[in-house]
Amino acid sequence: MSAPDPTRPVANQDITSILVEDRAFAPPADFAVRAHLADPAAVRALRERATADPVDFWCEVGRQDLRWTKPFTVGLDWSDAPHARWFADGELNLADNCLDRHCQTWRRHKAALIWEGEPIGDGGPEIRTLTYGQLLEQVQKFAAVLQSLGVAAGDRVCLYLPLIPEAAVAMLACARIGAVHSVVFGGFSAEALRDRTNDAGAKVIVTADGGYRRGSLLRLKDVVDQALVQHGGAPSVEHVVVVRRAGNEIAWAPGRDHWWHERMAAAPAGLAPVPVPAEHPLFILYTSGTTGKPKGILHTTGGYAAHVTRTARWVFDLRDEDLFWCTADVGWVTGHSYVVYGPLSNGATVLMYEGAPAFPAKDRFWDIVQRHRVTVFYTAPTALRTFMAWGEAPIVAHDLSSLRLLGTVGEPINPAAWVWYHEVIGGGRCPIVDTWWQTETGGILIAPLPGVQTCVPGTATVPLPGIVADVVDNAGHPLPADVGGLLVVRHPWPGMARTVWGDRERYKQTYFSRVPGIYFTGDGARRDRHGNFWILGRVDDVLNVAGHRIGTMEVESALVSHPDVAEAAVVGRPDPVTGQAIVAFVTPRAGVVTGPPLGEALRGHVTKEIGGLARPAEIRFALGLPKTRSGKIMRRLLRELATQGTVTGDTTTLEDFGVLEKLRVTDEE
Ligand code: WT7
């Protein structure tokens, strides 16, 4: 038997929790008076009802929020557990719900999408506005284009596009004819694109000649060409549709390749939505996971639509007069659920920005908020920590008074970053919704309802009505308050993944075997005495110091609460005495001088904030941390660096390879 690997966490559920946060922010009165959910007593009653009968609750949501061509009579069918079926005997079309039903009202002439491109020309950035009526026309035509290329209900279409309106048009066009989209983020390599295309067996790829990111051109069509020829290519692909975005020169395969604008010009108008059964597949999305072969997470139509429609309205408090900006790319689930389907199903106006936050300068986001008068803004903690590192100058130069609600997703938000977001971006005026969810959950599961709930920095608060989340030990027993354990969801919910595409067994193994029969999220969490859920980080990243299991989140939060620190990631390295010793990788704020004195100060700071147990053995300063393209810190790589001094594992999902190079020669204490 080989010795246990001390760099790997021990598989037990107790996670020692040491972070204490006592700041709390009640909803501001002027926000609460006009919120969708504003009456605490009514919300309490709603929660009780939803907990008593989640299926009945979600049936009501499905009936109220969606238009069905054939109403459903069955709520949940769990007979094929863990593969759920919701509303299975109903029929609907999601494009109809996102477009046609609004076009039968005054909203036909309301803006659905306001898009801004990254490059700034003499006349400013390019801005395109599509009303609901115009978006519907485009979607009808592109649905007809797909049909003319032989795409029928159930066929897969791969979308490899920049963040341009055509991405939303293509998604909705697939939904309109029952085709299944698989969006592959435009930053992924030819290899990643080929693997995903082959796994899904896509018939058509929709791409662009190029796109813009950080001031440079991404040659997307070249990547598609490579994916289709090298290493066996992608034999299922019959056609490639190319949007002309950047005007760069591209290779052309006659018969296979088609210009978007030419096919659109020739397409008939008015294609009717094709009603599909509620359990008809809507999309496959490959998880950006930090380890292992990507999984094609499958979502279906009716349950997903109900979940994202209701959560978009309740959590973001969407109103007709809002301009909602979710900064995610459509390559991630956030872009599916809260750029496209959730907001559009509610008839909201969505802002879409093609590019990077630092182009041409570090104030681009705030310039956009000011010029377009964005009211609800939703972004990731990793972006916020970057903005913190850049300092306040790019922000205070802009009028952000249009903002009324802020949100975050993707990682635990350290309380220090939360408070910074609240004060510097929100002007102390805007509630912050910290939304916990996953590609697999389809939509938000844990988040505050901003009109009624007190927000506490660092916690996504409590599960939404109809979501039965819990913190349990390995046997599935609930743990008492303030004991860290496994975050699970006990009852099926309508937006949950249905399976892993082509691998039912893997779905069951990954999500329903750690705690038999119950959905395990992969995250560690604890519940405090008020019932708020604190995410402690991925269970696989948990540290084990002298027999105590410590979540990465708490040590990182303690580090980020120091005024000189913008971002931190901690990992364990083997230690003969304590089992694991904590190594912290720290990115300083702008202008901070690093070196041993600061390292010593930070160690002392962690000891003071959360205790000697969490005191890092080693602090390394770095100007950037290795992240996935969706912004998650790749602690696995840092663990290898801290343990072996070099990285040998898979780095294909890494956003910026330069970061690793720099970390190897980092300014070590
Ligand atoms: C994982 C899911 C959901 C869209 C973006 C990420 C972490 C997500 C939070 C949050 C703490 C969070 C979890 C989760 N996570 N939101 N508000 N607080 N952690 O989707 O790539 O599927 O990642 O992101 O670890 O399991 P994803």
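Note that the structure is predicted; figures quoted are calculated from it, not measured.

1. Here we look at the domain arrangement of the protein
Logical step 1: When its domains are assigned, the protein resolves into domain 1 (12-52 + 468-540) and domain 2 (542-662).
Logical step 2: Relative to domain 2, the C-alpha centre of domain 1 lies at a distance of 26 Å.

2. Things to note about the environment of Ala234
Logical step 1: By the element assignment, Ala234 lies in the loop between helix 8 (220-229) and strand 11 (239-243).
Logical step 2: Discounting residues that sit within four places of it in the chain, Ala234 has contacts with Thr197, Asn198, Ala227 and Leu228.

3. A short note on the sheet that holds strand 21 (residues 469-472)
Sheet strands associate in pairs through backbone hydrogen bonding, adopting either a parallel or an antiparallel arrangement.
Logical step 1: With antiparallel pairing, the four strands of this open sheet are ordered in space as 21-22-24-25. Looking at strand neighbours, the two that pair on one side only are strand 21 and strand 25 (533-538), the edges of this open sheet. On average, each strand axis in the sheet is inclined to that of its neighbour by 45 degrees, with strand direction left out of account.
Logical step 2: One ladder, built from four bridges, connects strand 22 (residues 485-489) with strand 24 (residues 519-527); its direction is antiparallel. Paired with Val489 across the bridge in strand 24 is Tyr519.
Logical step 3: Packing against the sheet, helix 17 (residues 552-560) makes contact with strand 24 and strand 25, and its axis sits at approximately 100 degrees to strand 25.

4. Brief notes about the sheet that holds strand 16 (residues 323-326)
Logical step 1: Read from one edge to the other, the open sheet built from seven strands follows the order 5-4-17-16-18-19-20, with strand pairing classed as mixed. Because the sheet does not close on itself, it has two edges, and the strands there are strand 5 (124-131) and strand 20 (432-434). Going across the sheet, the axis of each strand differs from the next one's by a mean of 20 degrees, ignoring polarity.

5. A short note on the packing of helix 13 (residues 381-390) against helix 15 (residues 415-425)
Logical step 1: Orientation of helix 13 relative to helix 15, taken along the N-to-C sense of each, is 70 degrees, at an axis distance of 10 Å. Comparing their axes, helix 15 and helix 13 come out roughly perpendicular. Contact residues: Leu384, Arg385, Phe387 and Met388 in helix 13; Ala416, Ala417, Trp420 and Tyr421 in helix 15.
Logical step 2: Of the residues contributing to the contact of helix 13 with helix 15, the split by class is seven nonpolar, no polar and one charged.

6. Section: the packing of helix 5 (residues 132-148) against helix 6 (residues 165-177)
Logical step 1: The contact between helix 5 and helix 6 brings their axes to 8 Å, and the two run at 65 degrees. Along this stretch, helix 5 crosses helix 6, giving a crossing that reads as right-handed. Contacts from Leu135, Leu136, Gln138, Val139, Gln140, Phe142, Ala143, Leu146 and Gln147 of helix 5 reach helix 6 at Val169, Ala170, Leu172, Ala173, Cys174, Arg176 and Ile177.

7. Some words on the nonpolar core
Logical step 1: Formed by 142 residues in total, the largest nonpolar core has its most connected members in Leu135, Phe142, Phe316, Tyr338 and Tyr341.
Logical step 2: The element best represented in this core is helix 6, accounting for 10 residues.
Logical step 3: The residues contacting Tyr341, other than those within four sequence positions of it, are Leu94, Cys98, Met171, Leu172, Ala175, His181, Leu282, Tyr304, Val308 and His336.
Logical step 4: Ranked by size, the runner-up nonpolar core spans 31 residues in total, among them Phe387, Trp420, Ile425 and Cys455.

8. Considerations on the site of the ligand
Logical step 1: Near the ligand there are 17 residues, and of these Asp434, Thr435, Gln438, Thr439 and Arg538 occur at the shortest range.
Logical step 2: Taking Glu411, its main chain carries an N or O atom lying 3.3 Å from a nitrogen atom of the ligand.
Logical step 3: Taken by itself the ligand offers 550 Å² of open surface, and the protein chains cover 92% of this.
Logical step 4: A breakdown of the residues in the shell around the ligand according to their chemical character gives six nonpolar, six polar and five charged.

Conventions and cut-offs
- Residues numbered from 1 in each chain as written.
- Predicted model: local features only at pLDDT ≥ 70, side-chain atom pairs only at ≥ 80, totals over all residues.
- Heavy atoms only, no water.
- Domains from an automatic or database assignment.
- Helix = DSSP H or I, 4+ residues; strand = E, 2+ residues; numbered from the N terminus.
- Contact = heavy atoms within 4.5 Å.
- Pairing = 2+ DSSP bridges.
- Axes fitted to C-alpha atoms, helices over the stretch in contact; angles between N-to-C directions.
- Parallel < 35°, antiparallel > 145°, perpendicular 65-115°, else oblique.
- Nonpolar A, V, L, I, M, F, W, Y, C, P; charged D, E, K, R; others polar.
- Left-handed = near helix turned anticlockwise from the far one by under 90°.
- Core = buried A, V, L, I, M, F, W, Y, C linked by side-chain atoms within 4.5 Å.
- Buried < 20%, exposed > 50% of the residue type's maximum accessible area, 1.4 Å probe, protein only.
- Near = heavy atom within 4 Å.
- Polar contact = N/O pair within 3.5 Å; in protein donor to acceptor, adjacent residues only side chain to side chain.
- Areas by Shrake-Rupley, 256 points an atom, 1.4 Å probe, with all protein chains shown as cover.

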